[in-house]
Amino acid sequence: MSETPVKPATRRDRTHYLYIAVIIAVALGIAVGLIAPDFAVELKPIGTGFVNLIKMMISPIIFCTIVLGIGSVRKAAKVGKVGGYALGYFLVMSLVALAIGLVVGNILDPGTGLAVTDAVKEAGKEQVSAEALPPVEFVLSIIPTTMVSAFTEGQVLQTLLVALLAGFALQAMGSVGEPILRGVEHIQRLVFRILAMVMWAAPVGAFGAIAAVTGSAGLDALKSLAVLMLGFYVTCFLFVFIVLAALLRAVAGLNILTFFKYLGREFLLILSTSSSESALPRLIAKMEHMGVSKPVVGITVPTGYSFNLDGTMIYMTMASLYIADALGTPMSIGEQIPLLLFLLVASKGAAGVSGAGLATLAGGLQSHKPALVDGVGLIVGIDRFMSEARALTNFAGNAVATVLIGTWTKEIDKDRVGQVLAGELPFDERTLLDESAADASGDEVPSPRNEAAQEPVKA
C-alpha cells in the first residue's frame, strides 16, 4: 500500500499583518495629533528614529547591489550606456515637471492677498540651509574623504562612486575576483535580512511621524493654505497618472495601476514617514525581483534619488509662484523661467539634505531672488503635509524610470515582469531577496533574477 507523499509545510508570510498595523498606527497618530497636539509633537523622535534606521541600511545595500551588478557583466560599455540613458531621462523629466508646475501655478494664483508678518519672515529665513552646496562644490563633494567615509557619512552619491569603482575593478579582475563577488553577495543577504527585521518597527515609526506632523500643523494652518495644497496634490496626481503612465504604457507596455499595486507597501511606508528614502532599499530589491537587471537597478535607483526629484520640481515651482504673489511681487514669465532653471540646478546640490524640498527652495531663493525668502515662512506650517505628495511622486518617478531604462537598454526580463505583476512569483517579504539562488548545500545556483542580471533577455 503506497503512502501519499506529504508536502512540506510552507512557512506562512505574516508580513501582511505588519502593514495592516501600519495603517492602524497612521489612523491613531492622526487622532492623537488632533486631540493632544502638544503631546503629539513630542513624539517626533519616534518617527525620526525609524527613518534613521532605514537610512542606516541604504549605503551598504547600494554598494552591494552596484558591485554585484557591474562585477557580473562582461562589458563596461553596458554600464556607461545605462548611466547615459538615466541622466538624460532625469534631465528631461525634471524639465517636464517644472513646466507642469509652472502652468498650474499660474492658473491657480493662490497666494494673492495674504499678510506676511515679521514672525513669518523670520521663519522663512531659518529655512535657508547651510548644507545646500553650489553646483561646483556639489560635484566635488561626491568624492569621499576616504573609501570608508562614504559609508559612515551616509552620502548616497559618495557610496555610488566607490561602488562603481569597486565594480569596475572586480570586472577587470575576471575570475580572480569571483570569490570577492560571492562574499559581497553573502553580505547583501545579511543586510537585507537586517532590513527585514527593522521593518517590524514600521508601525511605531509611522505613529510617531504622523502624530507629530498633525500636532504641529493643526487644522488652522491647513485652512488658509488649502488651495496651494490641493493644487499641488492634483498636479502631482496628473503628472504621475498622465505623464508617467503614458510613458510606462508606450515604452514598457505596462499598466501603471498594476505596477503600483506591486509597490503598494512601499507607497504606504512613504505615506506614513513622509520620506521616500525609507523605501529606497525595498525599491532596489523589488525592481531586481521583477526582472530588471542588477546594473540598471544599481545605477538608476540611487542616482534617481538625487537627480530625478519630480515631486520636488513641481513643489518648488508652485511654491515660488505662491510666495511671489503673497509678497505682492508677482513674477512675469520672463522672471519665472530663469528662477526655475536655477532651482533645477540648485536642487542637485541639496540632494540628501533632510527636508530637502523646503531647504532647497529657501536656499535657491536666497541665491537667486533674496527678496522672496521672507515668504518661505508662509508654507513652513504645511510643508510636511506637502512632503507626502512630494515623496510619493519622487518615488513613483524613480520606479517608472527604472523600468523605462531597463526597457531601452534591453536589460529587463519581460516574461518575468509579467509573472511578477500577475502574482505568480511573489516577493519574499521575509528576506527581501530570492533565496532560491542557494541550494541546501550552500552552493550557488542560478536564480531567474541572477540570470537576468548576467544575460538579460532581449526585449
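These figures come from a predicted structure and were not determined experimentally.

## Regarding the overall build of the protein chain
Part 1 of the argument: When its secondary structure is counted, the protein chain shows 21 helices and 0 strands.
Part 2 of the argument: Looking at the protein chain as a whole, 53% of its 459 residues qualify as buried.
Part 3 of the argument: Considering only contacts in the protein chain between residues 6 or more positions apart, those separated by 24 or more positions represent 83%.
Part 4 of the argument: Within the structure as shown, the protein chain displays about 20,000 Å² of accessible surface, and the carbon and sulfur contribution to it stands at 66%.

## Here we look at the UniProt feature "transmembrane region" (unreviewed entry) in the protein chain
Part 1 of the argument: Residues annotated by UniProt as "transmembrane region" (unreviewed entry) correspond here to residues 17-36, 56-73, 85-108, 156-178, 190-213 and 225-248.
Part 2 of the argument: Here residues 17-36 runs as 95% helix and 0% strand, with 28 Å between its end C-alpha atoms.
Part 3 of the argument: Secondary structure across residues 85-108 divides into 100% helix and 0% strand, with the first and last C-alpha atoms of the span separated by 35 Å.

## Thoughts on the nonpolar core
Among soluble globular proteins, nonpolar side chains are generally buried collectively.
Part 1 of the argument: If you look at the biggest cluster of nonpolar residues, it comprises 115 residues, and the most contacted ones within it are Phe 259 and Met 290.
Part 2 of the argument: Of the residues forming this core, the biggest block, 12 residues, is contributed by helix 3 (residues 44-71).
Part 3 of the argument: In this structure Met 290 touches Phe 259, Tyr 262, Val 403, Asp 413, Arg 416, Val 417, Val 420 and Leu 421, once residues within four positions along its chain are discounted.

## Concerning the confidence of the model for the protein chain
Part 1 of the argument: Looking at the protein chain, the pLDDT average stands at 77 and 76% of residues meet or exceed 70.
Part 2 of the argument: For the protein chain, the element scoring lowest by mean pLDDT is helix 21 (residues 448-454), at 42; helix 12 (residues 256-262) scores highest, at 94.
Part 3 of the argument: Here residues 4-10 scores under 50 on pLDDT; set against residues more than four positions off or in separate chains, the count is 0 contacts.
Part 4 of the argument: Long-range and interchain partners of residues 436-459, a stretch whose pLDDT sits below 50, account for 47 contacts in this model, where long-range means more than four residues apart.

## Describing unusual backbone geometry
Of all residues except glycine, most have a negative phi; of all peptide bonds, most are trans.
Part 1 of the argument: Positioned with a positive phi, Lys 410 is a non-glycine residue whose angle comes to about 55°.
Part 2 of the argument: Residue position: Lys 410 is located in the loop between helix 19 (380-408) and helix 20 (414-421).

## Quick look at a nonpolar patch on the surface
Part 1 of the argument: The grouping of Leu 230, Val 234, Phe 237, Leu 238, Phe 241, Ile 242 and Leu 257 at the surface amounts to a nonpolar patch, some 660 Å² of accessible area in total.
Part 2 of the argument: Of the residues forming the nonpolar patch, the biggest block, 6 residues, is contributed by helix 11 (residues 226-252).
Part 3 of the argument: Structurally, Ile 242 can be placed in helix 11.

## Some details on the pattern of salt bridges
Part 1 of the argument: Taken as a whole and assessed by the stated rule, the structure comprises 4 salt bridges.
Part 2 of the argument: The closest approach of N and O atoms between Glu 185 and Arg 189, which form a salt bridge, is 3.6 Å. Highlighted residues: Glu 185 and Arg 189, both in helix 9 (residues 178-198), separated by 4 residues, approximately one helical turn. Of the two residues, Glu 185 and Arg 189, both sit in the buried class.
Part 3 of the argument: Counted as one network, the salt bridges with shared partners bring together Glu 266, Arg 282 and Lys 286.

## Regarding the environment of Ala 21
Part 1 of the argument: Counting through the fold element by element, Ala 21 comes out in helix 1 (residues 15-35).
Part 2 of the argument: For the pair Ala 21 and Pro 203, spaced 182 residues apart in the sequence, the C-alpha separation amounts to 5.8 Å.

## Brief notes about the packing of helix 9 against helix 14 (residues 280-290)
Part 1 of the argument: The geometry of helix 9 relative to helix 14 is characterised by a closest axis approach of 11 Å and an angle of 120° between their N-to-C directions. Taken together, the axes of helix 9 and helix 14 lie oblique to each other. Here helix 9 and helix 14 pass one another in a crossing that is left-handed. On helix 14, the residues that touch Gln 188, Phe 192 and Leu 195 of helix 9 are Pro 281, Arg 282, Ala 285 and Glu 288.
Part 2 of the argument: When grouped by side-chain class, the residues that make up the contact of helix 9 with helix 14 number 4 nonpolar, 1 polar and 2 charged.

What counts, and where the lines are drawn
Along each chain, residues carry numbers from 1 onward, in the same order as the chain's sequence is written. Note on the predicted model: pLDDT of at least 70 is required for a residue's local features to be given, and 80 or more for side-chain atom pairs to be given and counted; whole-chain, interface and lining totals, by contrast, use all residues. As a rule here, side-chain values cover all heavy atoms of the structure and leave hydrogens and water aside. Secondary structure elements follow DSSP: runs of H or I of four or more residues count as helices, runs of E of two or more count as strands, with numbering from the N terminus. Only protein chains enter the calculation, and the probe is 1.4 Å; a residue is then buried if its accessible area is under 20% of its type maximum, exposed if over 50%, and partly exposed in between. Residue contacts follow a heavy-atom distance rule, with two residues in contact if any of their heavy atoms lie within 4.5 Å. Reported accessibility uses the Shrake-Rupley method at a 1.4 Å probe radius. Residues are deemed covered only where the shown protein chains occlude them. UniProt positions are given in the numbering used here, feature names are shortened, and annotations may be inferred rather than shown by experiment. Nonpolar cores are built from buried Ala, Val, Leu, Ile, Met, Phe, Trp, Tyr and Cys residues. Side-chain atoms within 4.5 Å join them into one set. Each residue carries a pLDDT score, the predictor's confidence in it, ranging from 0 to 100. Patch criteria: residues need more than 30% relative accessible area and no salt bridge. Like-charged residues are merged within 9 Å; nonpolar side chains of Val, Leu, Ile, Met, Phe, Trp and Tyr are merged within 5 Å. The rule for a salt bridge is simple: a side-chain nitrogen of Lys or Arg has to be within 4 Å of a carboxyl oxygen of Asp or Glu. Angles shown run from 0 to 180 degrees and are taken between the N-to-C directions of axes, each axis being a line fitted to C-alpha atoms and, for helices, limited to the stretch in contact. Every angle not falling under 35 degrees, over 145, or within 65 to 115 is termed oblique; those three ranges are roughly parallel, roughly antiparallel and roughly perpendicular. By convention, the crossing between two helices is left-handed when the near helix turns anticlockwise from the far helix through less than a right angle, and right-handed when the turn is clockwise. Think of it as three bins: nonpolar holds Ala, Val, Leu, Ile, Met, Phe, Trp, Tyr, Cys and Pro, charged holds Asp, Glu, Lys and Arg, and polar takes everything else, Gly as well.

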